[in-house]
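Letter by letter, the chains look like this.
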Amino acid sequence: MSGNAEAFDRARAVIPGGVSSPVRAFGSVGGTPVFVSRAEGARIVDVEGREYLDLVGSWGPALLGHAHPEVVAAVQAAAARGLSFGAPTLAEAELAELVRERVPLARKVRFVSTGTEACMTAVRLARGATGRDLVVKFSGCYHGHSDALLAAAGSGVITAGLPGSAGVPAAATAQTLVVPYNDADALREVFAARGTEIAAVITEPAAANMGVVPPVPGFNELLRELTTAHGALLVYDEVLTGFRVSRAGWWGLEGGAVTPDLFTFGKVVGGGLPLAAIGGRADLLDLLAPVGPVYQAGTLSGNPLATAAGIATLRLADDAVYAAVDAASATLSAAVASALDAAGVPHRLQRAGSLFSVFWGVTGPVLDDASAQRQDVGAYRAFFHAMLDAGVALPPSAYEAWFLSAAHDDAVLDRITGALPGAARAAAAVLGA
Ligand SMILES: Cc1ncc(COP(=O)(O)O)c(C=O)c1O
């Protein structure tokens, strides 16, 4: 039987880095990536037949756990009816209705295939609607890899140690103003200087791509206040948080205190298949082609398998699912903190709803990208590999959230918890604690 090392060699010969998305290559933690052969519930199985308890969750979509039988059945039934039509289906309207039911501000919804496309389209729409070019984003927030948004862009880029990306023209990011997250003064300054030119502010309303960094109280409200005062739009990128941290994502956890003009969704809304969406004010969404002048399209957009997975996932994600994920997150984060305390590992654990991550060797609050990068990724590397050896697969980067699912029951959490003390000692050894 071929092992992970052989699989990696084979893949690297034909695929750059052997992976279809960079963080999967284990570049920041070192070692050989786990090549997955199948997954079910909270478990993944690699090509060697080894089982791991999974805290990656496909980087967010697996809210119900992997391969939920009802989601799989919905996809199989859809597949039997045809894989792609390039024509409208009623399933798209049904999924859009489900999104609107949960996030009523998403009066209309356009489906695309990736979060990258959703955010790229939101920016184009904001520019088309306002006739302005500038976009404000926050350093450490990731909104996909479109040119305009690939400036100071969070985990993948931090992990690669790059300031941005080769191949992005300076002209593309010259229209992007980058501000530190949670920095009200910097934001006020930007609006005071260039407010009449700003089309939109795009934000992760709770940031989770520089590790988990929730907004300080009042920060998202300030975004709304400043954008409204200057005629700019506010875009909530809920690709990661949407339908994960609550039925209605982070916006729901805020209790509707902030009213964004546009949202982007991805991950959970596609139930593990490639599907994402832009939602928001009807007058804005109706600027998209074919109704309006802002062009956007996709051969596989609203794909029938992906919409079937999304519909099944949202229908299954009831209050009990969110309560289970919240409880699992509370249990695991408390266990992690106490194992790190017992081993004398200085750390900062931060939460945003059920999302959490650990900053290693840092004790004060992490409010932005600069403070996130003060952590000691070497400690995480040691912790990560000790956990992996014990059969627990964590995200292969210190700058990612740990993803739980409704399938992380007490038995799974007990096994993960059992692996923590040894991994905490490995991290302590790196930090000299
Ligand atoms: C907040 C956020 N926006 C956008 C994206 C991009 O989504 P995708 O990877 O589907 O292109 C991600 C991906 O992790 C994300 O976390």
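Residues numbered from 1 in each chain as written. Predicted model: local features only at pLDDT ≥ 70, side-chain atom pairs only at ≥ 80, totals over all residues. Heavy atoms only, no water.

Visitor: Go over the sheet that holds strand 3 (residues 51-54) with me, naming the residues and quoting the values.
Guide: One open sheet accounts for four strands, arranged 1-2-3-13; its pairing is mixed. The sheet is open, and its two edges are formed by strand 1 (36-40) and strand 13 (392-393), each paired on a single side. (Pairing = 2+ DSSP bridges. Helix = DSSP H or I, 4+ residues; strand = E, 2+ residues; numbered from the N terminus.)

Visitor: Help me get a handle on the pattern of salt bridges, residues and values and all.
Guide: Taken as a whole and assessed by the stated rule, the structure comprises nine salt bridges. Arg315 serves as the salt-bridge partner of Glu94, at 3.1 Å between the closest nitrogen and oxygen. In this pair, Glu94 sits in helix 3 (residues 90-102) while Arg315 sits in helix 11 (residues 304-316), placing the two residues 221 residues apart along the sequence. A residue is classified by how much of its surface remains accessible, and Glu94, at 29% relative accessible area, is partly exposed. The salt bridge partner of Arg281 is Asp283, with a shortest N-O separation of 2.7 Å. (Salt bridge = Lys/Arg side-chain N within 4 Å of Asp/Glu carboxyl O. Buried < 20%, exposed > 50% of the residue type's maximum accessible area, 1.4 Å probe, protein only.)

Visitor: Would you mind going over the site of the ligand in detail, with residue names and values included?
Guide: Looking at the ligand, the residues that line it are Thr114, Gly115, Thr116, Tyr142, His143, Gly144, Glu204, Asn209, Asp237, Val239, Leu240 and Lys267. Thr116 places a side-chain nitrogen or oxygen 2.7 Å from an oxygen atom of the ligand. Asp237 has a polar side-chain atom sitting 2.6 Å from a nitrogen atom of the ligand. Protein chains shield 81% of the accessible area of the ligand, which is 390 Å² for the free molecule. (Near = heavy atom within 4 Å. Polar contact = N/O pair within 3.5 Å; in protein donor to acceptor, adjacent residues only side chain to side chain. Areas by Shrake-Rupley, 256 points an atom, 1.4 Å probe, with all protein chains shown as cover.)

Visitor: A description of the domain arrangement of the protein chain should follow, citing residues and the corresponding values.
Guide: When cut into domains, the protein chain gives domain 1 (4-52 + 323-396 + 422-431) and domain 2 (69-316). Computed over C-alpha atoms only, the centres of domain 1 and domain 2 are separated by 26 Å. Taken together, the contact pairs 18 residues of domain 1 with 22 residues of domain 2. Of the roughly 1400 Å² buried between domain 1 and domain 2 on both sides combined, carbon and sulfur atoms contribute 69%. Looking at the side of domain 1 facing domain 2, the largest losses of area belong to Leu355, Leu367 and Asp369, adding up to 35% of the total buried there. Taken together, domain 1 and domain 2 are joined by zero salt bridges. For the pair domain 1 and domain 2, the number of links is three residue pairs in polar contact (both at pLDDT 80 or more). (Domains from an automatic or database assignment. Contact = heavy atoms within 4.5 Å. Buried area = accessible area lost by both parts, 1.4 Å probe.)

Visitor: Requested: an account of the environment of Phe263, with residues and values cited.
Guide: Following the sequence through the fold, Phe263 ends up in strand 9 (residues 262-265). Along the primary structure Phe263 and Ala306 are separated by 43 residues, whereas in three dimensions their C-alpha atoms are 19 Å apart. Discounting residues that sit within four places of it in the chain, Phe263 has contacts with Val103, Leu105, Tyr236, Glu238, Trp251, Ala277, Ile278 and Gly279.

Visitor: Describe the sheet that holds strand 8 (residues 233-238), and please don't skip the residues or the numbers.
Guide: Spatially, the seven strands line up as an open sheet ordered 4-10-9-8-7-5-6, and their pairing is mixed. A strand with exactly one partner marks an edge of an open sheet, and here the two such strands are strand 4 (108-112) and strand 6 (176-180). Taking each pair of neighbouring strands and ignoring which way they run, the sheet shows an average axis angle of 20°. Direction of pairing for strand 5 (residues 134-139) relative to strand 6: parallel, over a ladder of five bridges. When the bridges of strand 6 are listed, Lys137 appears paired with Val178. Strand contacts of helix 4 (residues 115-130): strand 4, strand 5, strand 7 (198-203), strand 8, strand 9 and strand 10 (276-280), with the helix running at about 30° to strand 10, the strand carrying the most contacts. Sheet strands touched by helix 7 (residues 184-194): strand 5, strand 6 and strand 7. Its angle to strand 6, the strand with the most contacts, is close to 150°. (Axes fitted to C-alpha atoms, helices over the stretch in contact; angles between N-to-C directions.)

Visitor: Give me the lowdown on unusual backbone geometry, citing residues and values where you can.
Guide: Peptide bonds are, in most cases, trans, and in most cases residues other than glycine have a negative phi. Omega for the bond connecting Ala289 with Pro290 falls within 30 degrees of zero, at 10°, which places this linkage in the cis form. Counting through the fold element by element, Pro290 comes out in the loop between helix 10 (282-285) and helix 11. Even without being glycine, Trp59 reaches a positive phi, approximately 65°. Within the secondary structure layout, Trp59 lies in the loop between strand 3 and helix 2 (69-81). By relative accessible area, which is 19% here, Trp59 ends up buried. At Lys267, a residue that is not glycine, the phi angle is positive and equals roughly 50°. Relative to the helices and strands, Lys267 is located in the loop between strand 9 and strand 10.

Visitor: How would you summarise the side chain of Asp237 if you had to cite specific residues and measurements?
Guide: With respect to the helices and strands, the residue Asp237 is situated in strand 8. No salt bridge is formed by the buried Asp237; its nearest oppositely charged neighbour, Lys267, is found at 8.9 Å. Not counting the four nearest positions on each side in its chain, Asp237 is found in contact with Cys119, Tyr142, His143, Ile202, Thr203, Glu204, Pro205 and Thr264. (Lys, Arg positive; Asp, Glu negative; His and termini not counted.)

Visitor: Let's hear about the packing of helix 12 (residues 319-342) against helix 15 (residues 410-431): which residues, and what values?
Guide: Following both chains from N to C, one finds helix 12 and helix 15 inclined at 20°, their axes separated by 9 Å at the closest point. Overall, the two elements helix 12 and helix 15 adopt an arrangement that is roughly parallel. When you trace helix 12 past helix 15, the crossing you get is right-handed. Here Ala328, Thr331, Leu332, Ala335, Val336, Ala339 and Leu340 of helix 12 lie close against helix 15, whose contacting residues are Leu413, Ile416, Thr417, Leu420, Pro421 and Ala424. The class makeup of the residues in the contact of helix 12 with helix 15 is 11 nonpolar, two polar and no charged. (Parallel < 35°, antiparallel > 145°, perpendicular 65-115°, else oblique. Left-handed = near helix turned anticlockwise from the far one by under 90°. Nonpolar A, V, L, I, M, F, W, Y, C, P; charged D, E, K, R; others polar.)

Visitor: Give me the environment of Asp133: which residues, what numbers.
Guide: Locating Asp133 in the fold gives a position in the loop between helix 4 and strand 5. For the pair Asp133 and Gly167, spaced 34 residues apart in sequence, the C-alpha to C-alpha distance is 21 Å. Setting aside anything within four residues of it in sequence, one finds Asp133 in contact with Arg127, Gln175 and Glu197.

Visitor: For the nonpolar core, give the residues involved together with the corresponding values.
Guide: Ranked by size, the top nonpolar core spans 103 residues in total, and within it Leu187, Leu332, Trp360, Phe383 and Trp402 carry the most contacts. Apart from the residues within four sequence positions on either side, Leu187 is in contact with Val136, Phe138, Val179, Phe219, Leu222, Leu223 and Leu226. Counting residues in each nonpolar core, the second largest holds 22 residues, with Leu233, Leu262, Ala276 and Val294 among its members. (Core = buried A, V, L, I, M, F, W, Y, C linked by side-chain atoms within 4.5 Å.)

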